[in-house]
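Now for the letters of each chain:
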Amino acid sequence: MIFNEKMECMAPSEMKALQSDRLSKQIDYVMANSPVYQKKLAEHGIRPQAIRSIDDIRKLPFTEKEELRDNYPFGLFSTGLKNIREIHVSSGTTGNPTVVGYTQKDLVLWGEVVARAIACAGGEPGDMIQIAYGYGLFTGGLGLHYGALKLGCTILPMSSGQSKRQLKLMNDFKPRIIGCTPSYFLYMLDEARELGLDPQKSSWEIGIFGAEPWSDNMRQEIENAWNIRATDIYGLSEIIGPGVSQECHLKCGMHIFWDVFYPEVLKPNLNEPVKEGEFGELVFTTLTKQGIPLIRYRTRDIVSITYEKCGCGRTLPRMSKVRGRTDDMIIVRGINIFPSQVEHVLLNIEGVLPHYQLIVDRASGGLDDLEIWVEVDEKNFSDEMRKLENLTTKIKKELESVLGILVKIKLVEPKTIARSEGKAKRVIDRRSL
Amino acid sequence: MKITQISVFLENRKGRLFEVTQLLGKNGINIRALNIAETDDFGVLRLVVDKPKDALAGLKAGGFVASTTEIVAVEVPDNPGGLSEVLGVLSREGLNVEYMYGFVEKKSEEALLVFRFEDTEKAVVALEKAGIRIITETEIHNL
């Protein structure tokens with residue numbers, strides 16, 4: 001079903017008028033309420049009256065992730081704390097964490113977009129949904145929760161972890177929908193088999209997977225193993241959390257709810273759009289938010305967008321999976337490397353699971369070494385050293401041809417690479433740069 | 001005529017082999033023969049035990065990657081030239097040996113060797129034809 005047919009199937013010209021109106025109001029709002037944006041726009045010589053059409057958006061300055069951290073904790077909020085109903089915090093690897101706040105109206109918006117997302121994945125009112133994203137400061141759990149409430153689902157608020165319990169309640173209560181990170185869902189496959197459950201017969205028909213990058217090959221693996229429709233959800237706490245975009249049953253890109261989150265795809269670090277369908281950095285402007293509205297926020301996610309109408313009837317633009325991050329990218333001996341490239345290669349080698357980790361270290365000679373750990377499991381294990389060495393060589397050759405750099409492959413025991421809680425850590429950089 | 005061998009994947013880390021033997025000990029499993037093949041990063045531990053099914057289940061429950069392989073245990077005269085006699089048969093028949101290792105215990109005056117062949121069926125036929133005694137699983141368990 002289409003949850004909000006008016007907004008999701010609106011004609012482009014009508015949508016443009018709506019976006020233009022909302023953008024000019026959002027600018028007026030931040031100019032009236034946010035000292036940070038007052039200063040920023042003044043520095044760029046922009047008067048709010050100059051922003052009349054959505055096409056004027058390119059005149060506006062960007063907002064960077066560092067600005068959220070620099071204004072820690074509440075400096076980028078556009079309203080007093082008394083009007084904030086909920087706060088979420090994302091863990092920062094360096095320095096201050098990123099803090100976002102939602103007013104009552106923002107929480108309603110969040111429920112609305114996630115309700116659209118669950119319906120887009122194929123969910124219906126009355127379906128039972130098992131939410132295995134972490135509840136708490138992370139936006140995954142509560143975001144899905146508000147959307148499921150709005151859509152009218154029966155909610156199993158599991159949070160992440162406790163796989164045995166997740167599987168038992170799935171088996172006993174028969175929920176139709178599961179939401180969790182894709183790596184956690186693959187992890188539960190091992191657990192299910194250990195418990196003697198047949199993954200083919202699970203009650204889950206629809207999966208809403210996100211919060212970390214995953215490939216189409218990983219989707220194939222999940223769909224084949226679990227007999228489920230695996231859909232991708234995208235979001236980031238700075239914009240709202242989950243519910244920024246979502247795939248429909250056709251799985252041909254994630255529909256962006258652009259009546260409220262306006263997307264641009266730009267050349268990395270430039271104010272220049274890429275051609276339609278080309279990859280670039282995704283930039284979002286919130287059009288209706290109150291707590292922490294953001295103007296041209298550089299997500300650092302590399303995606304492409306198509307504006308063609310989808311077979312499902314929605315006129316929303318569709319974004320590709322995140323191909324990489326402008327900042328998660330590691331540079332080894334001058335070569336740009338994205339973890340998603342490694343995953344893609346591993347999934348194309350028979351019997352290899354996408355459980356891997358990249359270890360970058362600086363050798364005593366000053367050169368950087370890239371070591372890739374790959375977990376061994378029963379499918380690729382052999383009693384013959386020759387076969388294990390052939391496997392290592394095969395992985396090494398294929399990775400080297402894709403990455404364009406020499407790598408060392410190390411086979412490791414299963415579950416060496418932590419993935420049970422939330423996101424799997426894909427890169428360990430031991431260089432003290 | 002074939003015997004079940006357990007193979008275990010081991011990272012080259014301190015104490016990993018100890019953990020395997022400890023786990024088998026706890027499960028009341030007796031090791032009859034063992035061999036380790038290794039590289040810089042990892043090794044493969046191969047074991048012949050008295051209760052292979054229990055050993056496999058125990059290892060898997062303990063989080064190890066383990067699998068079973070069919071091998072052949074052969075009685076070899078414990079005197080100069082004993083092994084070459086057996087290998088001569090294999091060579092004449094064109095049978096490839098993937099790897100081999102010896103038993104810890106001795107049943108009689110003969111030595112016991114474990115062979116992993118490329119083609120196990122063919123090897124068994126050839127060895128029997130040459131009058132070389134192959135040890136049964138029951139005999140191994142009763143050692």
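For the structure, see preceding data.
Residues numbered from 1 in each chain as written. Chains lettered and ligands numbered in written order. Predicted model: local features only at pLDDT ≥ 70, side-chain atom pairs only at ≥ 80, totals over all residues.

Visitor: Explain the overall build of chain A here, please?
Guide: Scanning chain A from N- to C-terminus turns up eleven helices and 21 strands. When each of the 433 residues of chain A is scored for burial, the buried share is 42%. Counted over contacts in chain A with a minimum sequence separation of 6, partners at least 24 positions apart contribute 66%. (Helix = DSSP H or I, 4+ residues; strand = E, 2+ residues; numbered from the N terminus. Buried ≥ 20, exposed ≤ 12 C-beta atoms within 10 Å, placed from the backbone. Contact = placed C-beta atoms within 7 Å.)

Visitor: Before we go on, may I ask you to explain the overall build of chain B in this structure?
Guide: Along chain B, the regular secondary structure elements total five helices and seven strands. Put simply, chain B runs from its N terminus to its C terminus through helices and strands in the order β-α-β-β-α-β-α-β-β-α-β-α. In chain B, which comprises 143 residues, the share counted as buried stands at 26%. In chain B, of all internal contacts separated by at least 6 residues, the share reaching a separation of at least 24 is 68%.

Visitor: I'm lost on the sheet that holds strand 21 (residues 427–429) of chain A in this one. Help?
Guide: Adjacent strands of a sheet pair through backbone hydrogen bonds, lying either parallel or antiparallel. Residues and elements named next belong to chain A. A sheet is described by the order of its strands in space; here four strands give the open sequence 20-19-18-21, paired in mixed fashion. Single-partner strands in this sheet number two, and they are strand 20 (408–412) and strand 21. When the angles between neighbouring strand axes are averaged without regard to direction, this sheet yields 20°. Here seven bridges tie strand 18 (residues 356–362) to strand 19 (residues 368–375), and the two strands are oriented antiparallel to one another. In the strand pairing of strand 19, Val360 is matched with Leu370. Each of strand 18, strand 19 and strand 21 touches helix 10 (residues 339–347); the most contacted strand, strand 18, lies at about 130° to it. Packing against the sheet, helix 11 (residues 385–403) makes contact with strand 19 and strand 20, and its axis sits at approximately 135° to strand 20. (Pairing = 2+ DSSP bridges. Axes fitted to C-alpha atoms, helices over the stretch in contact; angles between N-to-C directions.)

Visitor: Looking at this structure, I do not really get the pairing of strand 3 (residues 42–49) of chain B. What am I missing?
Guide: Consecutive residues of a regular strand have side chains that alternate between opposite faces of the sheet. Residues and elements named next belong to chain B. Counting buried residues along strand 3, seven of its eight residues qualify, which places the element largely inside the surrounding structure. In this sheet, strand 3 lies alongside strand 1 (residues 3–11) in antiparallel orientation, the contact comprising six bridges. The residue bridging Ser7 from the neighbouring strand is Arg46, located in strand 3. Linking strand 2 (residues 31–38) back to strand 3 in an antiparallel pair, the connection comprises three residues.

Visitor: In this structure, what is going on with the sheet that holds strand 10 (residues 261–266) of chain A? I would like to understand it.
Guide: All names here are of chain A. Judged by pairing direction, the sheet is antiparallel, and its four strands sit side by side in the order 10-11-12-15 without closing on themselves. The two strands at the open ends of the sheet, each matched to only one other strand, are strand 10 and strand 15 (324–325). Relative to strand 12 (residues 297–303), strand 11 (residues 280–286) runs antiparallel, the two being bridged by four bridges. The partner of Gly280 across the bridge, within strand 12, is Val303.

Visitor: How should I be thinking about the packing of helix 5 (residues 104–121) of chain A against helix 6 (residues 139–151) of chain A in this particular structure?
Guide: Working note: a packed helix pair is described by the angle between its axes plus the distance between those axes. Residues and elements named next belong to chain A. Close contact between helix 5 and helix 6 brings their axes to 7 Å; oriented N to C, the two are set at 75°. Viewed along their axes, helix 5 and helix 6 adopt a mutual orientation that is roughly perpendicular. Contacts from Leu107, Trp110, Gly111, Glu112, Val114, Ala115, Ala117, Ile118 and Ala119 in helix 5 reach Gly143, Leu144, Tyr146, Gly147, Ala148, Leu149, Lys150 and Leu151 in helix 6. Partitioned by chemical class, the residues of the contact of helix 5 with helix 6 number twelve nonpolar, three polar and two charged. (Parallel < 35°, antiparallel > 145°, perpendicular 65-115°, else oblique. Nonpolar A, V, L, I, M, F, W, Y, C, P; charged D, E, K, R; others polar.)

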